[in-house]
Amino acid sequence: MTLWGIDMPVVELLRANSVATALGHLGPDPLRDDWDAVEAVRRLGARPDRAFVGALLDQRNIAGLGNLWANELAFLSGVHPFDPVATADLDSLVARAARALRLSATVPGMYQVTTGSTRRGSAHWVAGRAGRPCLRCGTRILVRAEVSGDPERRRTWWCLACQPRRS
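All of the points below concern the structure found in this document. (Residues numbered from 1 in each chain as written. Predicted model: local features only at pLDDT ≥ 70, side-chain atom pairs only at ≥ 80, totals over all residues. Heavy atoms only, no water.)

Focus: the overall build of the chain
Right, on to step 1. What the chain contains, in helices and strands, is five helices and four strands.
Right, on to step 2. The order of helices and strands in the chain, counted from the N terminus, is β-β-α-α-α-α-α-β-β.
Right, on to step 3. Within the chain, buried positions represent 38% of all 167 residues.
Right, on to step 4. Restricting the contact set of the chain to residue pairs at least 6 apart, pairs at least 24 apart contribute 56%.
Right, on to step 5. Of the roughly 9,700 Å² that the chain leaves accessible, carbon and sulfur atoms contribute 53%. (Helix = DSSP H or I, 4+ residues; strand = E, 2+ residues; numbered from the N terminus. Buried < 20%, exposed > 50% of the residue type's maximum accessible area, 1.4 Å probe, protein only. Contact = heavy atoms within 4.5 Å. Areas by Shrake-Rupley, 256 points an atom, 1.4 Å probe, with all protein chains shown as cover.)

This is the structure in structure tokens:
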């Protein structure tokens, strides 16, 4: 099955009366009418020492943020991806995340575009740009490959100049 041009390796069909049980563990969803930003901030703040990208990838905090968004939101927040999530202004972070997901889901041609530019090679600030110059400052974008034993097991990209280590 393909969804928005993305191959979905597993798709489970649920009866309507099973949806709440299957999705009950997820955090607030910015794409729903009952979006609760205060609850998302509370959940992120409950484990303030957790790495920024790990906290955003945890769907129990905010539903819908994947690896691309975790990396791009770290860049847009000026936070090193492995610094504690509490180094970010959580209210601003949650508002930015919700706005980004809504634009991505509702504006034609803007699916996962974080820079505002849909030109090839310039749609993302850091995600997928390892070794290329930062679009903001020109510093080479770094990447950490998947690490065995890391529960998130995702690649992480960042700009050393725009996202300095604070911890």
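Let's talk about the packing of aromatic side chains
Any aromatic ring pair is given by two values, namely how distant the centres are and how the planes are angled relative to each other.
Right, on to step 1. Applying the stated criterion across every chain, the model contains two aromatic pairs.
Right, on to step 2. Summarising the aromatic geometry, the rings of phenylalanine 75 and tryptophan 125 are spaced 5.2 Å apart at their centres and angled 20 degrees between planes, so their arrangement reads as stacked. Of this pair, phenylalanine 75 sits in helix α4 (residues 67-77) while tryptophan 125 is found in the loop between α5 (90-106) and β3 (141-144), placing the two residues 50 residues apart along the sequence. Tryptophan 125 matches phenylalanine 75 in its accessibility class, with the two residues each being buried. (Phe/Tyr/Trp six-rings, centres within 6.5 Å; stacked < 30°, edge-to-face > 60°.)

Section: the pattern of salt bridges
Right, on to step 1. Tallying each qualifying case throughout the model produces six salt bridges.
Right, on to step 2. In this structure, the salt-bridge partner of glutamate 39 is arginine 42, at a minimum N-O distance of 2.7 Å. In this pair, glutamate 39 and arginine 42 are both assigned in helix α2 (residues 37-45), three residues apart and thus about one turn of the helix distant.
Right, on to step 3. Here arginine 60 and aspartate 58 are joined by a salt bridge, their closest N and O atoms 2.7 Å apart.
Right, on to step 4. A relative accessible area of 47% places arginine 60 in the partly exposed class.
Right, on to step 5. Owing to a relative accessible area of 11%, aspartate 58 belongs among the buried residues under this scheme.
Right, on to step 6. Here the salt bridges do not stand alone but share partners, grouping Glu39, Arg42 and Arg43 into one network. (Salt bridge = Lys/Arg side-chain N within 4 Å of Asp/Glu carboxyl O.)

Points about the pairing of strand β4 (residues 156-159)
Right, on to step 1. Covered by surrounding structure in β4 are Thr156 and Trp158 together with Trp157 and Cys159, the residues of both alternating faces.
Right, on to step 2. Judged from the four bridges that link them, β3 and β4 form a sheet pairing that is antiparallel. What sits directly across from arginine 144, in β4, is threonine 156. (Pairing = 2+ DSSP bridges.)

Side note on the nonpolar core
The nonpolar side chains of a soluble globular protein tend to be buried, and buried together.
Right, on to step 1. Counting 35 residues, the largest nonpolar core has Leu44, Phe52, Leu56, Leu65, Leu73 and Leu93 as the members making the most contacts within it.
Right, on to step 2. Of all elements in the fold, only α2, α3 (52-57), α4, α5 and β4 reach the threshold of two or more residues within this core.
Right, on to step 3. Setting aside its immediate chain neighbours within four residues, leucine 65 contacts Leu56, Leu57, Gln59, Leu73, Ala97 and Leu101. (Core = buried A, V, L, I, M, F, W, Y, C linked by side-chain atoms within 4.5 Å.)

With respect to the packing of α4 against α5
Right, on to step 1. Following both chains from N to C, one finds α4 and α5 inclined at 130 degrees, their axes separated by 11 Å at the closest point. Considering their axes alone, α4 and α5 lie oblique with respect to each other. For the pair α4 and α5, the sense of crossing is right-handed. Within the contact between the two elements, α4 uses Trp69, Leu73, Leu76 and Ser77 and α5 uses Leu93, Arg96, Ala97, Ala100, Leu101 and Ser104.
Right, on to step 2. Grouping the constituent residues of the contact of α4 with α5 by class yields seven nonpolar, two polar and one charged. (Axes fitted to C-alpha atoms, helices over the stretch in contact; angles between N-to-C directions. Parallel < 35°, antiparallel > 145°, perpendicular 65-115°, else oblique. Left-handed = near helix turned anticlockwise from the far one by under 90°. Nonpolar A, V, L, I, M, F, W, Y, C, P; charged D, E, K, R; others polar.)

Points about α2
Right, on to step 1. Here α2 has its buried residues at Glu39, Ala40, Val41 and Leu44.
Right, on to step 2. Buried residues belonging to α2 abut α3 and α5.
Right, on to step 3. Measuring from the backbone nitrogen of valine 38 back to the side-chain oxygen at the start of α2 gives 3.2 Å, which picks out aspartate 36 as the cap. (Polar contact = N/O pair within 3.5 Å; in protein donor to acceptor, adjacent residues only side chain to side chain.)

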